[in-house]
Amino acid sequence: MLVPLAVSIIYGGGDYTAFLLAILISTLIGIFLSLLKPTDKKFRTKDALIATALAWIFLSLFGALPFYFSGYFNSFIDCAFESISGFTTTGASILTNVEILPKGILFWRSFSQWIGGIGILVFLLAITPSINASSINLLRAEGTGPSDKFIPKIRETAKFMFLIYFIMTAILIFLLYTVGLPIYDSVLNAFSTAGTGGFSIMNANISAYNNIAAETIITIFMFLFGISFTLYFILLGKNIKKFFKDEELRLYFGIIITAIIIITLNISGLYSGFLEALRYSSFQVSSIISTTAFTITDFNLWPTLSQIILLFLMITGCCAGSTGGGIKLARILILWKTLKNELNKIFHPGSVKTVTINEKNIKQDLITNTTLYFFIYFIIFFVAVLLISIEGKDLITSTTTIIASLSNIGLGLGAIGPVGNFAIFSSFSKIVISFCMLAGRLEFFPILLLLTPSAWKKTL
């Protein structure tokens, strides 16, 4: 919080006291917790999952303190909602007028998405000195999708990921500044793009700038941050052939191109020509599939076909190991190939064929975990929709709200579309949505483990 504190002092606005109070409380509690010395320092998988879930929950709650002390939010639940949405890179907001917020608070919103994009725990692993071999459990617990680490040592893995992330963000800031965005706006929009979070500092979102060059740059970088960081390591190793042969990347690219073409043709009648339709469709497709959720047009007004395609992209998300959310295309590949294998066994009962991705065999436990993930996703989706539907919102709003929360996209259809937000929901629904945001970001298992009584029993 020292960074947004400095921003608030530089730009004024009087919000520096909110950060000073939040820093004081966080420091005092941090000192107290640091005095507690565990007798058993071994980190088991169970411990890592619980620690990960608790870390995200409490860091989000501490992150809500500046919002609360600023006086611009109605309740602490609203503050916690905004903070959880930031750190999970969901981008769902309860603010109806973000432009009245002081510069420091706006900076903290976007900065939380930048930290959350690379992962709170990966960020900590990259900057803290005391790392041991068992820390790999933390990285696995906090990882996004079925993606392997790409450097043998955990600390080097975290540092390398953070370095790539930092450099890409810096390049994006520079490019946005060169095409006419103010430096403050360039930094915050870059934070939200890199974290694929989509918090905007303008009420009209990216369309407020009316800057086609900036839109194009953001479109490209939303796509880039939706690619697995493992592939960037491969690319830097000059293995270009392996990079472009990656099956998940090819599926990602293929889905984007197909979606842009179909939507462009479908909406061309709504705009002045093909190129303008292409501009809007390419931006929104890149924004939705990367789960960034920036907007430059109201796609609630698009034809049903285009809306269905966007809804599909909300659910699938982008690549495993990226900063984006959603189910992840790697899981879809695994289930698709598993289905093909099972169908093949019907016609050829004696055949033995394993599921492979990028010429590597996929272990059965990963297939099982992938199947469980889909089952848990739809169970939580069904229960959460039932809970928030008590308020009586329409079907499209209720269903896409939970999809947007579980997929960490923060943007749906209906009342939570490009011109709406989550302020319409009650405190109870906001708590349900916050749970979905955390569960979706941590891919269910860490959060669900907290609710399991046996997880709290001491392991001998």
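Cut-offs used in this document
Residues numbered from 1 in each chain as written. Predicted model: local features only at pLDDT ≥ 70, side-chain atom pairs only at ≥ 80, totals over all residues. Heavy atoms only, no water. Helix = DSSP H or I, 4+ residues; strand = E, 2+ residues; numbered from the N terminus. Rg over C-alpha atoms; globule rule 2.2 N^0.38 Å. Contact = heavy atoms within 4.5 Å. Areas by Shrake-Rupley, 256 points an atom, 1.4 Å probe, with all protein chains shown as cover. Lys, Arg positive; Asp, Glu negative; His and termini not counted. Charge placed at Lys NZ, Arg CZ, Asp CG, Glu CD. Axes fitted to C-alpha atoms, helices over the stretch in contact; angles between N-to-C directions. Parallel < 35°, antiparallel > 145°, perpendicular 65-115°, else oblique. Left-handed = near helix turned anticlockwise from the far one by under 90°. Polar contact = N/O pair within 3.5 Å; in protein donor to acceptor, adjacent residues only side chain to side chain. Nonpolar A, V, L, I, M, F, W, Y, C, P; charged D, E, K, R; others polar. Core = buried A, V, L, I, M, F, W, Y, C linked by side-chain atoms within 4.5 Å. Buried < 20%, exposed > 50% of the residue type's maximum accessible area, 1.4 Å probe, protein only. Phe/Tyr/Trp six-rings, centres within 6.5 Å; stacked < 30°, edge-to-face > 60°. Lys NZ or Arg CZ within 6 Å of the ring centre and 35° of its normal.

Draft legend 1. A look at the overall build of the chain. Tallying secondary structure elements over the chain gives 21 helices and two strands in all. At 22 Å, the chain has a C-alpha radius of gyration in line with the 23 Å of a compact globule built from 460 residues. The long-range share in the chain, meaning contacts at least 24 apart out of those at least 6 apart in sequence, stands at 69%. Split by element, the accessible area of the chain, about 20,700 Å² in all, is 69% carbon and sulfur. With 31 positive and 22 negative side-chain charges, the chain shows a separation of 12 Å between the mean positions of the two kinds.

Draft legend 2. Examining the packing of helix α14 (residues 247-267) against helix α15 (residues 274-289) more closely. The geometry of α14 relative to α15 is characterised by a closest axis approach of 8 Å and an angle of 140° between their N-to-C directions. In this view, α14 runs oblique relative to α15, as classed from their interaxial angle. Every pair of crossing elements has a handedness; the one defined by α14 and α15 is right-handed. Counted together, Y252, I255, I256, A259, I260, I263, T264, L265 and I267 of α14 and F274, A277, L278, S281, S282, V285 and I289 of α15 form the full contact between these two elements.

Draft legend 3. The arrangement of the environment of G417 in detail. Following the sequence through the fold, G417 ends up in the loop between α19 (395-406) and α20 (427-441). Considering only alpha carbons, one finds G417 and F253, 164 residues apart in sequence, at a separation of 25 Å. For G417, the residues in contact, after removing those within four places along its chain, are N300, L411 and G412.

Draft legend 4. Region of the structure containing the side chain of D78. Its place among the elements puts D78 in helix α5 (residues 76-87). A distance of 2.7 Å separates polar atoms of two side chains, one belonging to D78 and the other to K430. In contact with D78, other than residues within four places in its own chain, are F73, I94 and K430.

Draft legend 5. Structural context of the packing of helix α11 (residues 212-225) against α15. Interaxial distance between α11 and α15 falls to 8 Å at its minimum, and their mutual angle equals 35°. The two elements α11 and α15 cross, and the hand of that crossing is left-handed. Residues I212, E215, I218, T219, M222 and F223 of α11 lie in contact with α15, whose contacting residues are R279, S282, F283, S286 and S287. Classifying every residue of the contact of α11 with α15 gives five nonpolar, four polar and two charged.

Draft legend 6. Representation of the nonpolar core within the structure. Among the nonpolar cores identified, the biggest contains 121 residues, and Y252 and L313 are the most heavily contacted of them. Leave out the neighbours within four places in its chain, and Y252 touches M222, F223, G226, I227, I289, S290, C318, C319 and L329. Residues L333, I334, I362 and I367 belong to the second largest nonpolar core, which totals six residues.

Draft legend 7. Just the packing of aromatic side chains, in detail. Inspection of the entire model under this criterion finds 32 aromatic pairs. Centroid distance W114 to F191: 5.4 Å. Interplanar angle 35°. Geometry classified as tilted. With W114 in helix α6 (residues 103-118) and F191 in helix α10 (residues 183-194), this residue pair connects regions lying 77 residues apart in the sequence. Like F191, W114 is buried. Ring centres 6.1 Å apart and planes at 55° place the aromatic pair F299 and W302 in the tilted group. Pair check on accessibility: F299 and W302 agree, each one buried. Sitting over the face of the ring of F199, R109 holds its NZ or CZ atom 3.9 Å from the ring centroid.

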